[in-house]
Each structure stands twice: as C-alpha cells, then as structure tokens.
Amino acid sequence: MVRTGQLVGVVALGGCEGTGADEGASADQGGSDGLDEGSEDELGEDAETTSEDGGPSCAPSTEQTAGPFPQDGFERSALDLYGHEGVPFTLDGQVFDEQCQPIADAVVLLWHASPSPPGVRPASTAPDPEYVSAIYDHEAQADAETPDGQAVPTGEQMYYGWVRTDAAGRYAFSSLRPGWYLNGASYRTSHLHLRVFVDGALRVTTQLYFPDDEFNDSDGIFASCEGACTMSLDGDAASFDLVAGP
Ligand SMILES: [Fe+2]
C-alpha cells in the first residue's frame, strides 16, 4: 500500500505486498509530518523549532508501513549471522522525544529482506528472471545453519533484531544491505523496516533508505516519505536519528 503525501493521524497499512513482511501487518498509529530525520546536526538545524512555551520542539518521525513486533530472543545488534554474500553496512543514530531530548531504554526494532551478492541486482525495475529476488520468506533455507551451528530462523526473523537505546538515546546495528524484491510488477528499492517502542508502546513505524540506491526514484513508498526517510551514508556507515511521536 503506497502512502502519498504527508499524513497525520491516519492508519498505516503493510507495504511489502507479496512478501512475508506483509503477513501480520497491523494497523498503526499514524502521526507523521515529514520533518524529523537526518544527522544530529541536521536535527538541530532543520527539525528543531521553538514551541509555544519557548522550549525546543522536534517533529515526530515520518511514519511508514507496518511490520512485526520485538520478539523474545532476538535482542541483537548484529544481523549478519548466516555467511551470506552481501554488502555490509552499519546503522546508528539517536532516538529523541518531541522536546528533542534523547530517550534512553527505547526499543529500536530493525528488519529487512535478505541480501544480494555485491554487484548483483535486477536489470531494471521490471521483473528480471536472472535475478534471485530478495525475500522475507526463507523456507528455502529451513535446513540451513548459522556459522556457529544454530538453526537459521525462517520468515521475518532472519534479518531481524532489536536493541535498547543507551543513556544518550543511541542505538546501533550492523547487517548486509537488503536486496530488491518484487512488489507487484516492479522491484522495491533496498530498504530497512524500523520501529521504535517507548515504555512498550509503539511510537514510530517507518522505512529507511540508502541514498545511493538506483531504484529509489521508482519506488512509490520511498516517494511517499518525501526524502525524510533517507539515511545519511558515509562509506558503509549509515546514520539516522528518530523522533518518537505521541
Ligand atoms: Fe520490506
């Protein structure tokens, strides 16, 4: 489901049609206004404004489509567990409240599709029979083991994990850049799904994008975020700050 424009107080629906990520997608609180993310410096310069009482004010992170919740046993920051070929990346950032104060002990949940080997991507946004699509449903690897001999989880839990923010609201992950999968008749751009929970309550559901992905401009869900869901990227180090809405 493609959302367009900046929506406030709406219901966000699942956006991974044709993948396991859609299954179980639930209606979420909306509450986006499209101006919140970026680097810490950008947050200060662009997103922070002055509230009526004169204090700083941050706009909530832009909402995108829904997905799973944190599950027991998946608190982990390193999601590259299976020896797959892929392009490594790290992601870090901070979680803030609407007064621009860091939120400690927030849960940041990240999940994404399987990687593609370096240099391998669809020839175009149209279905490419030569490309093995990135997937969420990993049934084909049901008998696989991780390098340390553990069973590979199937389904959404494969490239999936959650962490708690530290006292400065910081979080960090490492993984392999997700590949591209068909959404209807065209491939979705490479993207991360992310949620933030504060005191157990869901406060942010969004998707994050790499600024250098050639498929960004053809992805309607990417377009719906109007640039507010694009990570900064320095080499293999991505960064993104989040603001928890009400
Ligand atoms: Fe997805």
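Parameters and conventions
- Residues numbered from 1 in each chain as written.
- Predicted model: local features only at pLDDT ≥ 70, side-chain atom pairs only at ≥ 80, totals over all residues.
- Helix = DSSP H or I, 4+ residues; strand = E, 2+ residues; numbered from the N terminus.
- Buried ≥ 20, exposed ≤ 12 C-beta atoms within 10 Å, placed from the backbone.
- Contact = placed C-beta atoms within 7 Å.
- Pairing = 2+ DSSP bridges.
- Axes fitted to C-alpha atoms, helices over the stretch in contact; angles between N-to-C directions.
- Core = buried A, V, L, I, M, F, W, Y, C linked by C-beta atoms within 7 Å.
- pLDDT = per-residue confidence, 0-100.

## Overview of the overall build of the protein chain
Then, in step 1: Secondary structure summary: the protein chain contains two helices and 13 strands in total.
Then, in step 2: The buried share among the 246 residues of the protein chain stands at 42%.
Then, in step 3: Counting only contacts in the protein chain whose residues sit at least 6 apart along the sequence, the fraction spanning at least 24 positions is 71%.

## Side note on the environment of histidine 191
Then, in step 1: Tracing the backbone shows histidine 191 in strand E9 (residues 191–198).
Then, in step 2: Sequence separation between histidine 191 and glycine 179 is 12 residues, and the spatial gap between their C-alpha atoms is 8.2 Å.
Then, in step 3: With near-sequence residues (within four places) excluded, histidine 191 lies in contact with His112, Pro178, Gln207, Leu208 and Tyr209.

## Here we look at the sheet that holds strand E10 (residues 201–209)
Then, in step 1: On the basis of which strands lie adjacent, the open sheet formed by four strands has the order E5-E4-E9-E10 and antiparallel pairing. Looking along the sheet, the strands with just one partner apiece sit at the ends: strand E5 (160–164) and E10. The mean angle between the axes of side-by-side strands here comes to 20°, regardless of whether they run parallel or antiparallel.
Then, in step 2: As paired elements, E9 and E10 share eight bridges and run antiparallel to each other. When the sheet's bridge partners are listed, histidine 191 is paired in E10 with tyrosine 209.

## What about the nonpolar core?
Then, in step 1: By size, the foremost hydrophobic cluster in this structure holds 43 residues, and its most contacted members are Val95 and Val108.
Then, in step 2: Elements represented by at least two residues in this core include exactly strand E3 (88–96), strand E4 (107–111), E5, strand E6 (170–176), E9, E10, helix H2 (220–224) and strand E13 (242–243).
Then, in step 3: Looking at which element gives the most residues to this core, the answer is E4, with five residues.
Then, in step 4: Excluding its chain neighbours within four sequence positions, the residues that come into contact with valine 108 are Val95, Trp162, Val163, Thr165, Tyr171, Leu194 and Val196.

## Here's the deal with the pairing of E3
Then, in step 1: Across seven bridges, E3 lies against E6 in antiparallel orientation. Each residue of the ladder has a partner; that of leucine 91, found in E6, is phenylalanine 173.
Then, in step 2: As paired strands, E3 and strand E12 (residues 237–239) are joined by three bridges and run parallel to one another. Bridged to leucine 91 within E12 is alanine 238.
Then, in step 3: Bridge analysis of E3 against E13 gives two bridges, and the strand direction is parallel. Within E13, the position partnered with phenylalanine 96 by the bridge is valine 243.

## Section: unusual backbone geometry
Then, in step 1: Notably, aspartate 105 is not glycine yet its phi reads approximately 65°, a positive angle.
Then, in step 2: Tracing the backbone through its elements, the reader meets aspartate 105 in the loop between E3 and E4.
Then, in step 3: The class for aspartate 105 is exposed, based on 12 C-beta atoms found within 10 Å.
Then, in step 4: Not every positive phi belongs to a glycine, and aspartate 199 is a case in point at roughly 50°.
Then, in step 5: Tracing the sequence through the fold places aspartate 199 in the loop between E9 and E10.

## Structural notes on the environment of valine 132
Then, in step 1: Tracing the backbone through its elements, the reader meets valine 132 in the loop between E4 and E5.
Then, in step 2: Residue valine 132 is classed as partly exposed on the basis of its 13 C-beta neighbours within 10 Å.
Then, in step 3: Remark: the alpha-carbon pair of valine 132 and glycine 179, spanning 47 residues in sequence, is separated by 9.2 Å.

## Observations concerning the environment of valine 108
Then, in step 1: With respect to the helices and strands, the residue valine 108 is situated in strand E4.
Then, in step 2: For valine 108 and valine 163, which are 55 residues apart along the polypeptide, the C-alpha to C-alpha distance reads 5.5 Å.

## A few points about the confidence of the model for the protein chain
Then, in step 1: Taken as a whole, the protein chain shows an average pLDDT of 77; of its residues, 69% reach a score of 70 or greater.
Then, in step 2: Within the model, pLDDT remains below 50 along residues 1–47, and this stretch shows 117 contacts once partners closer than five positions in the same chain are excluded.

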